[in-house]
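Here is how the chains run, residue by residue.
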Amino acid sequence: MKPTFRPVVYAHHKRKDGTYNVKIVVYLNGKERKLPTSIYCTKDDITRTHHIKSQDILNKCNVLILRMHDAISDISIFENRDVDWLVARIKAKMTADDFRLDFFAFAEQFIAQKSEGTAMTYVTAVNAFKRFLKRDTIDINDITKKMLVEFVEFVDKEPWMCINRHTGELHESKKKKMKRKGRAANTYIGKLGAIFKEAKKKYNDEDEGIVVIPRSPFESIEVVPPPHKGQDAISKDVLQMIIAAETSNKFHRYALDALVVSFGLMGINMADLYEARPPKGGVMVYRRCKTKERRPDGAEMRVQVSAELQPYLERLGAGTSKDVWLPELREASPIRRCVTTRVNRGLKSWCEKNGVERFTTYGVRKAWATLARSTGADKSLVDECIGHVGDFKMTDIYAERPWEKMAELNRKVLDMFVWNKEREE
């Protein structure tokens, strides 16, 4: 038996202003439920026995009932259905018809769940989209492929932008006049597409036939960035030069010490070094910020602190604080996201003074991985040492990581260098 619908008015539902709310009675398999509507009538619209006589009211009810029929038009068998399930389905379907979602408001909630470093990449993409639209709100179903194509063109032509750390204002960078050449657009489309995909996952229920976000324009647009060689690994000779470097320039000393410590701890990122707590038993334990949300093990890392690093660690304040391992990093950069920039500036200045081709902290991470592979170590072990996401998620859940082998590999890498005069002799 198919469900039936009929509009009714109940005498005891009379409101203080003398009007009555029209209900739609849903009847299925011997049970009925009453659905309130946004339709109201007066005593002039009904008979003495409270039947609706106004044709205008009846027309409105018929339109509403037609929408209810449409909501269940894909269901052919009702014998095993419950009336409560049917009412819930109708409500959900009709709500979907009126669905609205501010893409930027949802993006803000999505980004709030990300780690600081990851969040900034999404914020940058969202802000670029806002600059393109010249507004701070847009319904998610109003985003089209044509709009995204125009957005890509906008990004490719837009000059590099940066934020004033003191005022928070956005302005054109004076140092980077070159065009983005597709790289930024590719990144932005990827980030915005991830937000859109999460919204579909949250609000759509395809099993129940409830699709409030019917399509994703991001799935039909592809931005191919130009080939990008990326930064080379710092050479072994330059690393030895850095390890042995002596300088009275405090800015250079700070940057070089941070770089050497990063290298000696298997290429740890500056953001993780900034947050590091004092090691226990000579082992530093931390969770890698960049991948802790993507690895089943929370990207936990355990690194043995080698004796060779002590002079560099001491200059960075190791052992002077109970809460922070290297307080000098925090004193020089009160905000974590700025520590890498400050170290890179110091490295740039040192490179210019010593005639060395410029490199950044990213180069030391690549250098450690390159040297580790040169020892003949398995690629998967190198991946473990640098905390990549990896492809063995179930293994990451159930198997203890090879900490001893990782420490042995790091030892082999460090032994490739001369660390002090005693060893040199």
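Residues numbered from 1 in each chain as written. Predicted model: local features only at pLDDT ≥ 70, side-chain atom pairs only at ≥ 80, totals over all residues. Heavy atoms only, no water.

**Considering the nonpolar core**
(1) Moving on: With 58 residues, the main nonpolar core has Phe263, Leu265, Leu273, Trp325, Leu329, Phe359 and Trp368 as its most contacted residues.
(2) Moving on: If you tally residues by element for this core, the top one is helix α8 (residues 250-264), at eight residues.
(3) Moving on: Beyond its immediate sequence surroundings of up to four residues, Leu273 is in contact with Ala258, Val261, Ser262, Leu265, Ile268, Trp325, Leu326 and Leu329.
(4) Moving on: Counting residues in hydrophobic clusters, the runner-up holds 37 residues, among them Tyr122, Tyr188, Ile195 and Phe218. (Core = buried A, V, L, I, M, F, W, Y, C linked by side-chain atoms within 4.5 Å. Buried < 20%, exposed > 50% of the residue type's maximum accessible area, 1.4 Å probe, protein only. Helix = DSSP H or I, 4+ residues; strand = E, 2+ residues; numbered from the N terminus. Contact = heavy atoms within 4.5 Å.)

**Overview of helix α3 (residues 103-112)**
Owing to its 3.6 residues per turn, the α-helix aligns residues three or four sequence positions apart on the same side.
(1) Moving on: When we look at burial in α3, the residues that qualify are Phe103, Phe104, Phe106, Ala107, Phe110 and Ile111. With its buried residues spanning 155 degrees around the axis, α3 presents them on a single face. Projecting away from the buried face of α3 at angles above 90 degrees are the exposed residues Glu108 and Ala112.
(2) Moving on: At the N-terminal end of α3, a side-chain oxygen is found 3.2 Å from the backbone nitrogen of Phe104, two or three residues along, and the residue is Asp102. (Arc of directions from axis to C-beta. Polar contact = N/O pair within 3.5 Å; in protein donor to acceptor, adjacent residues only side chain to side chain.)

**Let's talk about the sheet that holds strand β3 (residues 31-41)**
(1) Moving on: Strands sit in the order β1-β2-β3 across an open sheet of three strands; the sheet is antiparallel. Lying at the two open borders of the sheet, with one neighbouring strand each, are β1 (4-8) and β3. Looking at each pair of strands side by side, their axes are set apart by 25 degrees on average, direction ignored.
(2) Moving on: Where helix α1 (residues 55-71) meets the sheet, its contacts fall on β1, β2 (20-28) and β3, and the angle it forms with β3 comes to roughly 135 degrees. (Pairing = 2+ DSSP bridges. Axes fitted to C-alpha atoms, helices over the stretch in contact; angles between N-to-C directions.)

**Here we look at the confidence of the model for the protein chain**
Regions with low pLDDT should not have their predicted coordinates read in detail.
(1) Moving on: Averaged over all residues, the pLDDT of the protein chain is 84; the fraction at 70 or higher stands at 85%.
(2) Moving on: Residue range residues 421-425 is modelled with pLDDT below 50. Its contacts to residues more than four positions away, or to other chains, number five contacts. (pLDDT = per-residue confidence, 0-100.)

**Side note on the pattern of salt bridges**
(1) Moving on: The tally for this structure, following the rule as stated, stands at 14 salt bridges.
(2) Moving on: Here Lys60 ties to Asp56 by a salt bridge, and the two come within 3.8 Å at their closest N and O atoms. Residue Lys60 and its partner Asp56 are both found in helix α1; the two are separated by four residues, about one turn of the helix.
(3) Moving on: A residue is classified by how much of its surface remains accessible, and Asp56, at 46% relative accessible area, is partly exposed.
(4) Moving on: Put simply, Arg315 and Asp257 hold a salt bridge, and the shortest N to O gap is 2.8 Å. Residue Arg315 is located in helix α10 (residues 310-315), and its partner Asp257 is located in helix α8; the two are separated by 58 residues in the primary sequence. (Salt bridge = Lys/Arg side-chain N within 4 Å of Asp/Glu carboxyl O.)

**Details of the pairing of β2**
(1) Moving on: Burial analysis of β2 places eight of its nine residues in the buried class, which makes it a mostly covered element.
(2) Moving on: Between β2 and the antiparallel strand that follows it, β3, lie two residues; Asn29 among them carries a positive phi value of about 50 degrees.

**With respect to the environment of Gln310**
(1) Moving on: Locating Gln310 in the fold gives a position in helix α10.
(2) Moving on: Residue class for Gln310 comes out partly exposed when judged on its relative accessible area of 33%.
(3) Moving on: When the C-alpha positions of Gln310 and Val261 are compared, they lie 9.0 Å apart, and in sequence the two are 49 residues distant.

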